[in-house]
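# Report on the structure
What follows is the residue order along each chain.
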Amino acid sequence: MDFTINIYRNLLESLKTKFFNFLPFSNYSEKLVTLEDSSIILRHDVDLMPENSLLTAELEESLGIRGTYYFRIIPETFKPDIIQEISALGHEIGYHYEDMDLVKADNLDCHIDLAFESFKRNLERLRKIAPIKTICMHGSPRAKYDNKLIWTKYNYKELGIIGEPYLDLDFNEFGYLTDTGRRWNGDKVSVRDRVNSKYNFNFRTTKQIIENIDKLPAKIMFTIHPQRWHNSIFPWTRELILQNAKNLVKYTLVKIRN
């Protein structure tokens, strides 16, 4: 079985044999570490089931690993107690923003204005719980607009934000592996979680990544969606069924938009 907490532990332990540094995205943005050695930026998108993010955060802390957890603001995900616990474990907390999808307007320019105001309000809500230095867009695959459109008119750095992975990370310097679609080669079912990079991977399973650790580039960003990783058979099966159904919808959207 793939996408269990046990195999996630195996992945982390295998990565530690090659990569010396696991770091939150803010450490990269602030240039607090030298990246001459092998380095992993460990990113987590907390889309749903924040309790699962606490499990992965505790596992990583037990292995001496720190990463970044990007939380959505929706009620199902915005759980202050869990956010505080993950922050207390030494992980970075960031805002997984989707404000272009949270507001409605008659034209794009007004839509961006309203989204920016929404973004500022939600950023302050998160900052009352934990320091927020970096942000990362939520893909919102069914939404009309890309959430990054806010930054065609406004500048997040004026709000004390130092980085956004899709805009501030050089993906020709860093390889990129994401479990989007509950698979590691999910580009055909990814509407917006896409980057331009000189590194191309075709791993289907976590086991294939583990078996090819030595072939990975020296610098890489991993994106983990903790809701996908379960040891218990019922939630594991539910996530498998739901994600397969979502992938069919997203595959159609990708075809239409391309």
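Residues numbered from 1 in each chain as written. Predicted model: local features only at pLDDT ≥ 70, side-chain atom pairs only at ≥ 80, totals over all residues. Heavy atoms only, no water.

A few words on a nonpolar patch on the surface. Taken together, Met1, Ile233 and Phe234 make up a surface patch of nonpolar side chains, about 380 Å² in accessible area. Along the chain, the position of Ile233 falls in helix 9 (residues 233-257). Under the relative-accessibility criterion, Ile233 is labelled exposed at 52%. (Patch = residues over 30% accessible without salt bridge, like charges linked within 9 Å, V, L, I, M, F, W, Y side chains within 5 Å. Areas by Shrake-Rupley, 256 points an atom, 1.4 Å probe, with all protein chains shown as cover. Salt bridge = Lys/Arg side-chain N within 4 Å of Asp/Glu carboxyl O. Helix = DSSP H or I, 4+ residues; strand = E, 2+ residues; numbered from the N terminus. Buried < 20%, exposed > 50% of the residue type's maximum accessible area, 1.4 Å probe, protein only.)

For the rest of this paragraph, the subject is unusual backbone geometry. Phi at Met49 takes a positive value of approximately 50°, unusual for a residue other than glycine. Following the sequence through the fold, Met49 ends up in the loop between strand 2 (39-46) and helix 3 (50-62). Even without a glycine there, the phi angle at Arg182 is positive, about 60°. Note that Arg182 resides in the loop between strand 6 (175-178) and helix 8 (206-211). Residue classification places Arg182 among the buried positions, given a relative accessible area of 8%.

This paragraph deals with the side chain of Thr134. Tracing the sequence through the fold places Thr134 in strand 5 (residues 132-137). The class for Thr134 is buried, based on a relative accessible area of 0%. Polar contacts involving the side chain of Thr134 include one to the side chain of Tyr70, which spans 2.8 Å. For Thr134, the side chain forms a polar contact with the side chain of Glu92, separated by 2.7 Å. Thr134 has contacts with Phe25, Ser26, Ser29, Thr68, Tyr70, Glu92, Gly94, Tyr95, Ile161, Ile162 and Gly163, leaving out every residue within four places of it along the chain. (Polar contact = N/O pair within 3.5 Å; in protein donor to acceptor, adjacent residues only side chain to side chain. Contact = heavy atoms within 4.5 Å.)

If you trace the backbone, Thr178 turns up in strand 6. Thr178 gets classed as buried once you look at its relative accessible area, which sits at 11%. Among the polar contacts listed, one links the side chain of Thr178 to the side chain of Thr180, at a separation of 2.8 Å.

Once that is clear, we can look at the pattern of salt bridges. Any two side chains of opposite charge can pair if their charged atoms end up close together. Enumeration over the complete set of coordinates arrives at 12 salt bridges. The residue Lys133 makes a salt bridge to Glu30 at a minimum N-O spacing of 3.0 Å. Taken together, the residues span a long stretch of sequence, with Lys133 in strand 5 and Glu30 in the loop between helix 2 (25-29) and strand 2 at a distance of 103 residues. One salt bridge in this structure joins Glu98 and Arg72, with 2.7 Å as the shortest N-O distance. Taken as a pair, Glu98 in the loop between strand 4 (92-97) and helix 5 (99-102) and Arg72 in the loop between strand 3 (68-71) and helix 4 (80-88) lie far apart in primary sequence, 26 residues in all. Here Glu98 falls in the buried class, since its relative accessible area comes to 2%. Residue classification places Arg72 among the buried residues on the basis of a relative accessible area of 12%. Here the salt bridges do not stand alone but share partners, grouping Asp109, Asp113 and Lys153 into one network.

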